[in-house]
2 protein chains.
Amino acid sequence: MFSSTVSRTSQKLFTRQTRSMITAQAVIFSKHGEPKDVLKTHTYQIDDENIPENSIVLKTLGSPVNPSDINQVQGVYPSQPEKTTELGTDEPSAVGGNEGLFEIIGVGSKISNFKVGDWAIPANVCFGTWRTHAVTTEDQLTKLNNPSDSKALGKKSGLSVNQGATISVNPLTAYLMLTHYVKLAPGKDWFIQNGGNSAVGKYASQIGKLLGFNSISVVRDRDDLDSLINELKNELGATQVITEEQNSSKDFGPTIKGWVKETGGEVKLALNCVGGKNSTGVARKLSNNGLMLTYGGMSMQPVTIPTSLHIFKNITSAGFWVTALLKGNPELKKKTLDQIVSWYENEELLDAPSVETAFDATKDDLAQLYKNGIENSKKGKQLIVY
Amino acid sequence: MFSSTVSRTSQKLFTRQTRSMITAQAVIFSKHGEPKDVLKTHTYQIDDENIPENSIVLKTLGSPVNPSDINQVQGVYPSQPEKTTELGTDEPSAVGGNEGLFEIIGVGSKISNFKVGDWAIPANVCFGTWRTHAVTTEDQLTKLNNPSDSKALGKKSGLSVNQGATISVNPLTAYLMLTHYVKLAPGKDWFIQNGGNSAVGKYASQIGKLLGFNSISVVRDRDDLDSLINELKNELGATQVITEEQNSSKDFGPTIKGWVKETGGEVKLALNCVGGKNSTGVARKLSNNGLMLTYGGMSMQPVTIPTSLHIFKNITSAGFWVTALLKGNPELKKKTLDQIVSWYENEELLDAPSVETAFDATKDDLAQLYKNGIENSKKGKQLIVY
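The shown structure was predicted, so the numbers you read here are calculated from the model rather than taken from an experiment.

Quick notes on the rules
What you see as residue numbers is a count from 1 along each chain, following the sequence as written. Lettering of chains starts at A and numbering of ligands starts at 1, both following the order in which they are written. Thresholds applied to this predicted model are a pLDDT of at least 70 for local features of residues and 80 or more for the giving and counting of side-chain atom pairs; totals over whole chains, interfaces and linings are not thresholded and use all residues. To obtain the side-chain values, all non-hydrogen atoms of the structure were included, while hydrogens and water were left out. In DSSP terms, a helix is any run of H or I states spanning at least four residues, a strand is any run of E spanning at least two, and both are numbered starting from the N terminus. Note on classification: 1.4 Å probe, protein chains only; a residue is buried when its accessible area is under 20% of the maximum for its type, exposed when over 50%, partly exposed between these limits. Residues are treated as being in contact if the distance between any of their heavy atoms lies within 4.5 Å. Any two strands are treated as partners once DSSP identifies two or more bridges connecting them. Paired rings are identified among Phe, Tyr and Trp, the last through its six-membered ring, by centres lying within 6.5 Å, and are further divided according to the angle between planes into stacked (under 30 degrees), edge-to-face (over 60) and tilted (the rest). Our superposition of the copies is a least-squares fit, built on the C-alpha atoms of residues whose pLDDT is at least 70 in both. For helices, the fitted line uses only the C-alpha atoms of the stretch in contact; every axis is such a line through C-alpha atoms, and the angle between N-to-C directions lies from 0 to 180 degrees. One speaks of a salt bridge when a side-chain nitrogen belonging to Lys or Arg is within 4 Å of a carboxyl oxygen belonging to Asp or Glu. Once two parts are put together, the accessible area they lose, assessed with a 1.4 Å probe and summed over both, is termed the buried area. Within 3.5 Å is the distance limit for a polar contact, defined as a pair of N or O atoms, with the added protein rule that one can donate a hydrogen and the other accept it, and that residues adjacent in sequence qualify only through two side-chain atoms. Any residue outside Ala, Val, Leu, Ile, Met, Phe, Trp, Tyr, Cys, Pro, Asp, Glu, Lys and Arg is labelled polar, Gly included; the first ten of those are nonpolar and the last four are charged. UniProt positions are given in the numbering used here, feature names are shortened, and annotations may be inferred rather than shown by experiment. Confidence scores per residue from the predictor, reported as pLDDT, run from 0 to 100. An arc is given here, and it is the one of the directions from the helix axis to the C-beta atoms.

## Looking at the environment of Thr-60 of chain A
Residues and elements named next belong to chain A.
Then, in step 1: Note on placement: Thr-60 falls in strand S3 (residues 56-65).
Then, in step 2: We classify Thr-60 as buried; its relative accessible area is 0%.
Then, in step 3: Once residues lying within four places of it in the same chain are set aside, the contact partners of Thr-60 are Leu-101, Phe-102, Thr-129, Arg-131, Thr-132, His-133 and Tyr-386.

## Observations regarding the pairing of strand S15 (residues 316-319) of chain A
All names here are of chain A.
Then, in step 1: In S15, alternate side chains face the same way, and those of Thr-316 and Ala-318 on one face and Ser-317 and Gly-319 on the other are all buried.
Then, in step 2: Pairing analysis gives four bridges linking strand S13 (residues 291-294) to S15, with the strands arranged parallel. Bridging from a neighbouring strand, Thr-294 pairs with Gly-319 of S15.

## Some details on the packing of aromatic side chains
Then, in step 1: Applying the stated criterion across every chain, the model contains 18 aromatic pairs over all chains.
Then, in step 2: A ring pair is formed by Phe-102 of chain A and Phe-127 of chain A, whose centres lie 5.4 Å apart and whose planes are at 50°; its orientation type is tilted. Taken together, the residues span a long stretch of sequence, with Phe-102 of chain A in strand S5 (residues 101-107) and Phe-127 of chain A in the loop between strand S6 (119-122) and strand S7 (133-136) at a distance of 25 residues.
Then, in step 3: Arranged with centres 6.1 Å apart and planes meeting at 80°, the rings of Tyr-181 of chain B and Phe-320 of chain B form a pair that is edge-to-face. With Tyr-181 of chain B in the loop between helix H6 (170-179) and strand S9 (190-193) and Phe-320 of chain B in the loop between strand S15 (316-319) and helix H13 (322-327), the pair connects residues that are 139 residues apart, well separated along the chain.
Then, in step 4: Overall, Tyr-181 of chain B belongs to the partly exposed group, its relative accessible area being 35%.
Then, in step 5: One aromatic cluster is present, built from ring pairs that chain together Tyr-77 and Trp-321 of chain A together with Phe-312 of chain B.

## Topic: the relation of the copies chain A and chain B
These two copies of the chain differ by a rotation about an axis and a displacement along the same axis.
Then, in step 1: With an RMSD of 0.0 Å, the operation that places chain A on chain B is a rotation of 180° combined with a shift of 0.0 Å along the axis. Look at the turn and shift together and you get a two-fold axis relating the two.
Then, in step 2: A share of 100% of the interface residues of chain A reappears at the interface of chain B, consistent with the copies meeting face to face through the same patch.

## Structural notes on the sheet that holds strand S4 (residues 94-95) of chain B
All names here are of chain B.
Then, in step 1: Strand order in this open sheet of three strands is S2-S1-S4, and the pairing throughout is antiparallel. Each edge of the open sheet is held by one strand with a lone partner, namely strand S2 (40-47) and S4.
Then, in step 2: The sheet contact formed by strand S1 (residues 21-29) and S4 spans two bridges and is antiparallel. Bridge pairing in S4 places Phe-29 opposite Ala-94.
Then, in step 3: Contacts from helix H15 (residues 366-375) reach S1 and S2, with the element oriented near 40° to S1.

## A few points about the pattern of salt bridges
Residue and element names in this part refer to chain A.
Then, in step 1: Inspection of every chain in the model, using the stated rule, returns 18 salt bridges over all chains.
Then, in step 2: Between Glu-231 and Lys-202 there is a salt bridge, with the nearest N and O atoms lying 3.5 Å from each other. With Glu-231 in helix H8 (residues 225-235) and Lys-202 in helix H7 (residues 199-211), the pair connects residues that are 29 residues apart, well separated along the chain.
Then, in step 3: With relative accessibility at 8%, the residue Glu-231 sits in the buried group.

## Considering the interface of chain A and chain B
Reports often express the size of an interface as the amount of accessible area lost when the parts come together.
Then, in step 1: Contacts between the two partners involve 24 residues from chain A and, on the opposite side, 24 residues from chain B.
Then, in step 2: Summed over both sides, the interface between chain A and chain B buries roughly 1,800 Å², with carbon and sulfur atoms accounting for 67% of that surface.
Then, in step 3: For the chain A face of the interface with chain B, the top three residues by lost area are His-310, Ile-311 and Phe-312 of chain A, together amounting to 30%.
Then, in step 4: At the boundary of chain A and chain B, one finds zero salt bridges.
Then, in step 5: Applying the counting rule to chain A against chain B returns five residue pairs in polar contact (both at pLDDT 80 or more).
Then, in step 6: Of all the secondary-structure elements, those providing two or more residues to the side of chain A that touches chain B are strand S14 (303-305), helix H12 (307-312) and S15 of chain A.
Then, in step 7: Tallied by class, the residues present in the side of chain A that touches chain B amount to 13 nonpolar, eleven polar and no charged.
Then, in step 8: Bridge analysis of S14 of chain A against strand S14 (residues 303-305) of chain B gives three bridges, and the strand direction is antiparallel. Each residue of the ladder has a partner; that of Ile-305 of chain A, found in S14 of chain B, is Val-303 of chain B.

## Here we look at the UniProt feature "domain: Enoyl reductase (ER)" (unreviewed entry) in chain A
Then, in step 1: Those residues carrying the UniProt feature "domain: Enoyl reductase (ER)" (unreviewed entry) are residues 37-384 of chain A in this numbering.
Then, in step 2: End-to-end, the C-alpha atoms of residues 37-384 of chain A are 20 Å apart, and along that stretch the chain is 34% helix and 22% strand.

## Let's talk about the confidence of the model for chain A
Then, in step 1: Summary statistics for chain A give a mean pLDDT of 94 and a share of 95% for residues scoring 70 or more.
Then, in step 2: Note on residues 1-17 of chain A: pLDDT is under 50 here. Beyond four places in sequence and across chains, it has 37 contacts.

## A few points about the environment of Glu-103 of chain B
Then, in step 1: Along the polypeptide, Glu-103 of chain B turns up in strand S5 (residues 101-107).
Then, in step 2: Each C-alpha atom, one on Glu-103 of chain B and one on Ile-121 of chain B, is 8.8 Å from the other, the two residues being 18 residues apart in sequence.

## Overview of the side chain of Ser-168 of chain A
Then, in step 1: The topology assignment puts Ser-168 of chain A in the loop between helix H5 (161-165) and helix H6 (170-179).
Then, in step 2: Setting aside chain neighbours within four positions, we find Ser-168 of chain A in contact with Glu-99, Ile-121 and Val-322 of chain A.

## Points about helix H10 (residues 253-263) of chain B
All names here are of chain B.
Then, in step 1: Buried within H10 are the following residues: Gly-253, Ile-256, Trp-259 and Val-260. With its buried residues spanning 125° around the axis, H10 presents them on a single face. Away from its buried face by more than 90 degrees, H10 exposes Pro-254, Lys-261 and Glu-262.
Then, in step 2: Buried residues in H10 make contact with S9, strand S10 (214-219), strand S11 (240-243) and strand S12 (267-272).
Then, in step 3: Positive backbone phi, at 70°, marks Gly-264, one or two positions downstream of H10.

Set out below in structure tokens:
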């Protein structure tokens, strides 16, 4: 299910640079609403032969559709891009999308930290990644090794477009939840997570394995449960996989206690992206003084903690939002990105697969492509590549 | 409603000491169950003319019935006294009760920190306070000023038996929740609490006022709401009092935001002893990065936190248990007790009233007195005085 995708875009760069002006397209919204109603394509020109001294011209390699991107367009997400007329729109507008991978195709005379051919991702959210090109400044970008860099460094592999374009949210979320709050003792301690079959859940299992942490993944019961358990345990490093029914069952508690006793550790951390009684179940598995981090609420039910867990087991329930954590902490972001990139380059970490759709400027409407992606996003993560 | 009770027991000491043996009584249980079925009176002798060199003989002045005492007898409470035969019982037994006030009536030759006439409370829970007398060691006791000490120190007032006998749980819980976790800026910041009419709630309002913190107390709607609001605001120092309906209402949110804006502070702390949707309501009033501490669950419903509060407002939900917090921290306990005693002595803090029943050894069965107290404990805190 996990795959490594080779960039298909690096050849286009040189033909583009022979033109005096770039015809750029961006998927914008000037008011909030359902994406199908408010997203539209805006076309504008970028003069890449007269780049201002502090500017960088980017070509997009790929950008995904995340649930938070959709909520942002709908106006129900707490972080929002500023709406401006700087792209020459009639009304103040914002460009959709928060994650994406770019290649630098032009730099101003005072740019020293980036050169043409480098890869970069947005340093912050609300960059607007649903577009063919962008003009920005150094401080808005974080450099990633491109395949040539990785090769020069003697790495096994270069990043794929999918890996680079989807690195900022899911892998960072998984890594930071496992390392930033609670110190798990490798070989001994455990974490439990629901959503074990989600993208973050799969990264957490793998990263847990890489760091030596034991894990229990809760998944929904299904017809092909055995094959899912096999994938999660044998390909992705989950130590144990249990069903939601087992998670809710008091009778199953002693089995888990037995696993934990065997390693001489504790269940110090729970990761919750479901809520409701599923969150109660994973919280109950925590050892005394354990922490549950909530990063999603797929069941649409609130986080539910029995009073006695709070009082007598000193369980704490907190939230995790990668955007807020990294906002004031660029060093932490860099350190975390470096670790994920290094695992990718060493082929120790498998990326979550995306459904890739290539943009063809000669026939596609860019906004329609992202609208289709939003429509299909329940079938798997949608990535538009350029 | 709050009262100051003068000790009625200090005169009895000298007649007792002329006897060679004390006939002591204790309310014991050898197995767990409903208190009416398992509590019984055990009578035994204490030789107070041959006190071992490291022992202290205590006479009980008063001990209350707390909900946790009842749960302990039922066997559904996580901290439990050890059952032994040291009182000469046929079966290993434990003495009920965790809170109480004692007067020292005899000391062994090596005791230097306590003298006859001193007042003391148990240093730890599970001491067994439902008894007329006890023999213990220095390390098991924490000294409190008796009325003569307070007078000699020039204080306005001495502790009452009710104040001393009920100091360990409710006032300490209120003080520590307000001071140990979050730093509230006096004059600016706020806390919100449900159970505003509970004993802990009333201590929290008063202590909040003494420390300069603004407070919002949530109470149940009732016929005499105005008189309750008047008591909580004017006698006990609550800044604002709202009903559960207002706590649950989205329309009421802006009113609270207005109060908080006026002081230039934030709602940094919520105290929850109810759970369920009431806990959701108080959690929603917290400012970003706020903390909710749960110390009870009167509604029998779990703590319920909307996912978005965790993720986007970084609200944390944790538990508070005074027993666990103070277990490894005698300095914190001493500092906190000193502060509460000082407020009592300066008549700045009103104690929560108890319904007092005096034990008469010539006609009462001691176990029956505590069983009655348990039976009546929903009508108000029951205190047996000696």
